[in-house]
Amino acid sequence: MRYGALEAGGTKMVCAIGDENGKILEQISIPTLMPEETMPAIIEYFKNKDIAALGVACFGPVDVHPESSTYGYILKTPKLAWADYNIVGVLKDALGVPIGFDTDVNGSLLGEITWGSARNLTDVIYITIGTGIGGGILSGGNIVHGMLHPELGHMKLIPAPGDSFQGICPFHGNCFEGLASGPAISDRWGASGKDLMDRAEVWELESEYIAQALSNLILVMSPQKIILGGGVMHQMQLFPLVRKKVLEKVNGYLDTPELRDIDSYICPAGLSDDQGIMGAVKLAMNACEKSAI
C-alpha cells in the first residue's frame, strides 16, 4: 500500500510517498511561500499518486484535537500568512483520503519510535534544535498532546553566569528557543553555527543551555531516552558536552542504568534526518487503520 507523507515546515514542504515499512519511495521539496502558492503544488503532487491516506506533520502551533472546531488548523504562527489556516481541511477536500495530523516534532518522534532509535520504548523525548526548538513527548506509550501540545522550546532557562544576551524569542526572550536556537546562535555571535565550528566558547555555552533544559525534562518526565535532532545538533561536538553537563546538573540524584549509559541515553536521531517524513508516513498508516474501523 502507498501512503502520502507531508512534512510541513516553515521553510520547505517535504512531500513523499512511503510504504508500510517506512521506506520512502519518492520525495520532493516545495518552498513554503504563501498558502495560495504552496498548497496547489502540494495537491498536484499527491493527487495522482494512488495513496491510501496522507500523514501531515506540521509546524505550529496547530490544533491536533479532532473534536475541536479548528482541528487541522495552523494557529497563531509567526508565519503570518499561514495563521488560522485549515491545512487538513484543504487537503482532505482536494484529495479525498483519510488524513493523519500532528506537530512536526511529534512526527519526528513517531518516526523514531516506529523505525528509529526509540523502538520498544514507552517514555521518550525527541527535541529538534534548529531554526526553532520544539519537542515531542512519548509518555506511557502515548504521544502527549494535553490542552494543545507540548512547547518544550519555550521553557524558561537561567542565564549562564556572565551571559547578558536577552534572547530572541518575541514572546519570552531568554527561553530555550530564545537562547539556543540556530537564529539565537547567529544573533549572539554574529555568524551562523557552521561558521563557528572551531569556536569552543560557542559550543560550551550552547551545551549549557541544552543541558539545563534536558535536566529539567529528565526530572519532570523521567524518559528512557532523549533524542536530539535539527540543524544545530549536526554539530556533533555538542553531544559529549551536553552529556557531561547533564550528569553534572543531575549531580548523582538519580542513579539509573540509562544515565549510567549516558552516550546511549542522549543520542542523535537514528533515521538520517528522515525521521520527520517517516513519521508522517506512520501518521498516514494510523489514519488509514482508523478509517477502516
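Refer to the structure above for everything that follows.
Residues numbered from 1 in each chain as written. Predicted model: local features only at pLDDT ≥ 70, side-chain atom pairs only at ≥ 80, totals over all residues. Heavy atoms only, no water.

A.B. asks: Tell me what's going on with the pattern of salt bridges, and back it up with residues and numbers.
C.D. replies: Within the structure shown, the criterion is met by eleven salt bridges. With a shortest N-O distance of 2.9 Å, lysine 49 and glutamate 26 are connected by a salt bridge. Here glutamate 26 lies in strand β3 (residues 24–31) and lysine 49 lies in the loop between α1 (35–46) and β4 (54–58), a separation of 23 residues in the sequence. Note that aspartate 84 and lysine 76 form a salt bridge whose closest N and O atoms lie 3.0 Å from each other. Note on aspartate 84: relative accessible area 42%, which makes it partly exposed. The exposed category is assigned to lysine 76, whose relative accessible area is 60%. (Salt bridge = Lys/Arg side-chain N within 4 Å of Asp/Glu carboxyl O. Helix = DSSP H or I, 4+ residues; strand = E, 2+ residues; numbered from the N terminus. Buried < 20%, exposed > 50% of the residue type's maximum accessible area, 1.4 Å probe, protein only.)

A.B. asks: Give me the lowdown on the sheet that holds strand β11 (residues 225–229), citing residues and values where you can.
C.D. replies: With mixed pairing, the five strands of this open sheet are ordered in space as β10-β9-β8-β11-β12. The open sheet is flanked by β10 (142–143) and β12 (266–268), the only strands paired with a single partner. Of the strand pairs in this sheet, strand β9 (residues 133–139) and β10 are connected by two bridges, and their pairing is antiparallel. Across the sheet, residue serine 139 finds its bridge partner in β10, namely asparagine 142. Relative to β12, helix α7 (residues 238–250) is tilted by about 165°, and along the sheet it contacts β11 and β12. (Pairing = 2+ DSSP bridges. Contact = heavy atoms within 4.5 Å. Axes fitted to C-alpha atoms, helices over the stretch in contact; angles between N-to-C directions.)

A.B. asks: How would you sum up the sheet that holds strand β2 (residues 12–18)? Please name residues and give values.
C.D. replies: Spatially, the five strands line up as an open sheet ordered β3-β2-β1-β4-β7, and their pairing is mixed. With one partner strand each, in any of the chains shown, β3 and β7 (99–103) form the two edges of the open sheet. Taking the axes of each pair of neighbouring strands and ignoring which way they run, one obtains an average angle of 15° across the sheet. Two elements, strand β1 (residues 3–8) and β4, share five bridges in a ladder whose sense is parallel. The partner of glutamate 7 across the bridge, within β4, is alanine 57.

A.B. asks: Tell me about helix α2 (residues 87–95), and please be specific about residues and values.
C.D. replies: Each α-helix winds once per 3.6 residues, and so residues spaced three or four apart point in a common direction. When we look at burial in α2, the residues that qualify are Ile87, Val88, Gly89, Leu91 and Leu95. The elements touched by buried residues of α2 are β1, α1, β4, β5 (73–74), β6 (85–86) and β7.

A.B. asks: An account of the nonpolar core is requested, with residue identities and associated values reported.
C.D. replies: When a protein is soluble and globular, its nonpolar side chains tend to lie buried together. Ile127, Phe176, Ile210, Leu214 and Leu228 are the most contacted members of the largest nonpolar core, which has 40 residues in total. Secondary-structure elements contributing two or more residues to this core are β8 (124–129), β9, α4 (176–180), α5 (182–189), α6 (200–221), β11, α7 and α9 (262–265). The residues contacting isoleucine 210, other than those within four sequence positions of it, are Ile129, Phe176, Leu228, Met233, Leu238 and Val242. By size, the runner-up hydrophobic cluster in this structure holds 28 residues, among which are Ala8, Ile30, Ile87 and Val97. (Core = buried A, V, L, I, M, F, W, Y, C linked by side-chain atoms within 4.5 Å.)

A.B. asks: Describe the packing of aromatic side chains, and please don't skip the residues or the numbers.
C.D. replies: According to the stated counting rule, one finds four aromatic pairs in the structure shown. Between phenylalanine 59 and tryptophan 82 the ring centres are 6.2 Å apart and the planes differ by 80°, which places this aromatic pair in the edge-to-face class. Taken together, the residues phenylalanine 59 in the loop between β4 and β5 and tryptophan 82 in the loop between β5 and β6 connect sequence positions 23 residues apart. Taken as a pair, phenylalanine 59 and tryptophan 82 share a single burial class, namely buried. Between tryptophan 82 and tyrosine 85, the aromatic rings sit 5.2 Å apart at their centres with planes inclined by 75°, giving edge-to-face as the arrangement. You can call tryptophan 82 buried: its relative accessible area is 1%. (Phe/Tyr/Trp six-rings, centres within 6.5 Å; stacked < 30°, edge-to-face > 60°.)

A.B. asks: Outline α7, supporting the account with residue identities and numerical values.
C.D. replies: Across its 13 residues, α7 extends 18 Å between first and last C-alpha, which sits within 8% of the 18 Å expected from 1.5 Å per residue. Two residues or fewer after α7 comes asparagine 251, characterised by a positive phi angle close to 60°. (Expected span 1.5 Å × (residues − 1).)

A.B. asks: Give me the environment of proline 268: which residues, what numbers.
C.D. replies: Mapped onto the elements, proline 268 comes out in strand β12. For the pair formed by proline 268 and glutamate 36, sequence separation is 232 residues and the distance between their alpha carbons is 36 Å. Discounting chain neighbours no more than four positions away, the residues touching proline 268 are Ser117, Ile227, Leu228, Met236, Phe239 and Arg243.

None of this, on its own, says anything about what the molecule does.
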